Amino acid sequence: MSKLTWIEQELQTLRDEGLFTNIRVIDSPMGPWLTVDGRRVLNFCANNYLGLANHPRLTSAAKDAIDRYGVGPGAVRTIAGTMSIHVALEERLAAFKKAEAVITFQSGFNANLATIPALVGRDDVIFSDRLNHASIIDGCRLSRAKIVAYEHNDPDDLRRKIAEEKVYNRRLIVSDGVFSMDGDIAPLPQLYEIAREHDILLMMDDAHGEGVLGNGGRGIVDHFGLHGLVDIEVGTMSKAFGVMGGLVAGKKVIIDWLRQRGRPFLFSSAVTVPDAAACLAAVDVLEESTELVDRLWSNAAYFKAEMKQLGFDTGQSETPIVPVMLGEAPLAQQFSRRLFDLGVFAMALGFPTVPQGKARIRVMNTAAHSQDDLDFALEIFARVGRELGVIA
Ligand SMILES: Cc1ncc(COP(=O)(O)O)c(C=O)c1O
């Protein structure tokens, strides 16, 4: 037995249980069709909701910025100074989201790791939705605060849990905005009411709502018309914006504090120059027209309705994320492989990404899919669903 034997055994267990993730290799730009492992397939995996990852406005902005600033920011912003392009991005994002201020991070994951431990610590309590994203969970753990999970999207349970916690210094309520595995939306108006009543900090992670929810993709706070009332709105530019990077929008005092105490901001460099420039161009595109966001929603509504008509269980989705519920992980993996054989790339998700026994194929609709693309996918889903006995 070597010191690595246990890892080999664990990997074998994952393979045996159908939970080992094989990562496909893409050899084309991110678009509705991809070359994956040498094959041309229809893409239903990416979070590239608006098709911006290979949009000419973004790619040319990135190239121009490289000519002007080079590629890298050089060091962390607090030590080496910050490039004007990063400052411009934060100002434009704040205006876009109608927030007092914005700070950007290298990723949405880092935004959560920065924000939660900067706001709560050892003697504090965090009320966290039971299905929150891993980056929220890790941010909560890093903070060393007491973590109290409330039932998913259940404001009554949140109220009960708050009443039970009598000893605390500070308190924080944190939830995903859009839950990425199910596509359902957090009941933000009720969460806001509870936070206001009890004077608790409220933080929403709107990674899958950024560029998707709200007027022209301005996010969940805009969707519910709660501008200025939600303390912290985390977002990401690695999904609908098609690039990379995280952001926190909120009151200036909180953003100022994160610049002083957000550890991934203080101890890790900023996103690269082409990333920042492409994100700025994404804001331009979104501010000029709601066309892409509108098309995303109409594509998603069509796909979801047709899948239900075929007899698939698409769960509780209220957004362009469509889970196709299959149950056990091996079936989901078999379904995904068969889809791929027939030209549709849609990943199977199993434990620990989703709970045991709730494996699924997750279909990510985008604005870039054409009507023909959607009809082709529906035909293949129907064929595989019948072959594997999932639908009649
Ligand atoms: C709710 C949530 N937060 C944060 C992230 C991480 O975002 P990023 O890819 O920008 O690190 C994700 C990505 O899956 C997410 O779904």
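Student: Could you clarify how one ought to interpret the nonpolar core in this entry?
Tutor: A general trend in soluble globular proteins is that nonpolar side chains are found buried together. Within the largest apolar cluster, 62 residues are counted, with the highest numbers of intra-cluster contacts made by Leu50, Phe127 and Ile173. In terms of residue count, helix H12 (residues 273-288) provides more of this core than any other element does, 11 residues in total. Each of domain 1 (20-49 + 290-387) and domain 2 (56-288) accounts for three or more of the residues forming this core. If we ignore the near neighbours within four places in the chain, the residues touching Phe127 are Val148, Tyr150, Leu158, Lys161, Ile162, Glu165, Arg171, Leu172, Ile173, Val174 and Ile200. Counting residues in each nonpolar core, the second largest holds 27 residues, with Phe44, Leu326, Phe335 and Val384 among its members.

Student: Honestly, the packing of aromatic side chains in this entry has me stumped. Any pointers?
Tutor: Given two aromatic rings, one states the distance between the centres and the angle between the planes to describe the pair. As enumerated under the stated definition, the model contains nine aromatic pairs in all. Ring geometry for Trp33 and Phe376: centres 5.7 Å apart, planes at 35°, overall tilted. Separated by 343 residues along the polypeptide, Trp33 in strand E1 (residues 33-36) and Phe376 in helix H15 (residues 371-387) bring together distant segments of the chain. Residue classification places Phe376 among the partly exposed positions, given a relative accessible area of 25%. With a centroid separation of 5.5 Å and 35° between ring planes, the pair formed by Phe44 and Phe303 is classed as tilted. Of this pair, Phe44 sits in the loop between strand E2 (39-43) and helix H2 (56-69) while Phe303 is found in helix H13 (residues 291-310), placing the two residues 259 residues apart along the sequence. For Phe44, a relative accessible area of 0% translates into the label buried. A connected cluster of aromatic rings, assembled from ring pairs, spans Phe44, Phe303, Phe312, Phe335 and Phe381. Across from the ring centre of Phe340, 3.7 Å away, lies the NZ or CZ of Arg24, which sits over that ring.

Student: How should I be thinking about the sheet that holds strand E5 (residues 146-150) in this particular structure?
Tutor: Sheet strands pair via backbone hydrogen bonds, and the direction of the pair is either parallel or antiparallel. Strands sit in the order E3-E9-E8-E7-E6-E4-E5 across an open sheet of seven strands; the sheet is mixed. Strands with a single pairing partner mark the edges of an open sheet, and in this sheet they are strand E3 (101-105) and E5. Averaged over all pairs of adjacent strands, the angle between their axes in this sheet comes to 20°, without regard to strand direction.

Student: Before we go on, may I ask you to explain the pairing of strand E9 (residues 246-250) in this structure?
Tutor: Along any regular strand the residues' side chains alternate between the sheet's two faces. Burial runs high along E9: five of the five residues are buried. Burial along E9 is two-sided: the residues Gly246, Val248 and Gly250 and Leu247 and Ala249 are all buried. Sheet topology note: the E3/E9 ladder contains five bridges and is antiparallel. Within the sheet, the bridge partner assigned to Ala101 lies in E9 and is Gly250. Across five bridges, strand E8 (residues 232-236) lies against E9 in antiparallel orientation. Within E9, the position partnered with Gly235 by the bridge is Leu247.

Student: Any chance you could explain the sheet that holds strand E10 (residues 321-327) here in plain terms?
Tutor: Taken in spatial order, the three strands line up as E10-E13-E12 in an open sheet, and their pairing is antiparallel. Strands at the two margins of the open sheet, each flanked by one partner only, are E10 and strand E12 (348-349). In this structure, E10 lies alongside strand E13 (residues 359-364), joined through six bridges in antiparallel fashion. Its bridge partner being in E13, Val324 is matched across the sheet by Ile361. Lying over the sheet, helix H14 (residues 329-341) contacts E10, E12 and E13, oriented at roughly 35° with respect to E13.

The rules behind the values
- Residues numbered from 1 in each chain as written.
- Predicted model: local features only at pLDDT ≥ 70, side-chain atom pairs only at ≥ 80, totals over all residues.
- Heavy atoms only, no water.
- Core = buried A, V, L, I, M, F, W, Y, C linked by side-chain atoms within 4.5 Å.
- Buried < 20%, exposed > 50% of the residue type's maximum accessible area, 1.4 Å probe, protein only.
- Helix = DSSP H or I, 4+ residues; strand = E, 2+ residues; numbered from the N terminus.
- Domains from an automatic or database assignment.
- Contact = heavy atoms within 4.5 Å.
- Phe/Tyr/Trp six-rings, centres within 6.5 Å; stacked < 30°, edge-to-face > 60°.
- Lys NZ or Arg CZ within 6 Å of the ring centre and 35° of its normal.
- Pairing = 2+ DSSP bridges.
- Axes fitted to C-alpha atoms, helices over the stretch in contact; angles between N-to-C directions.

Function-wise, these values are silent; they only describe arrangement.
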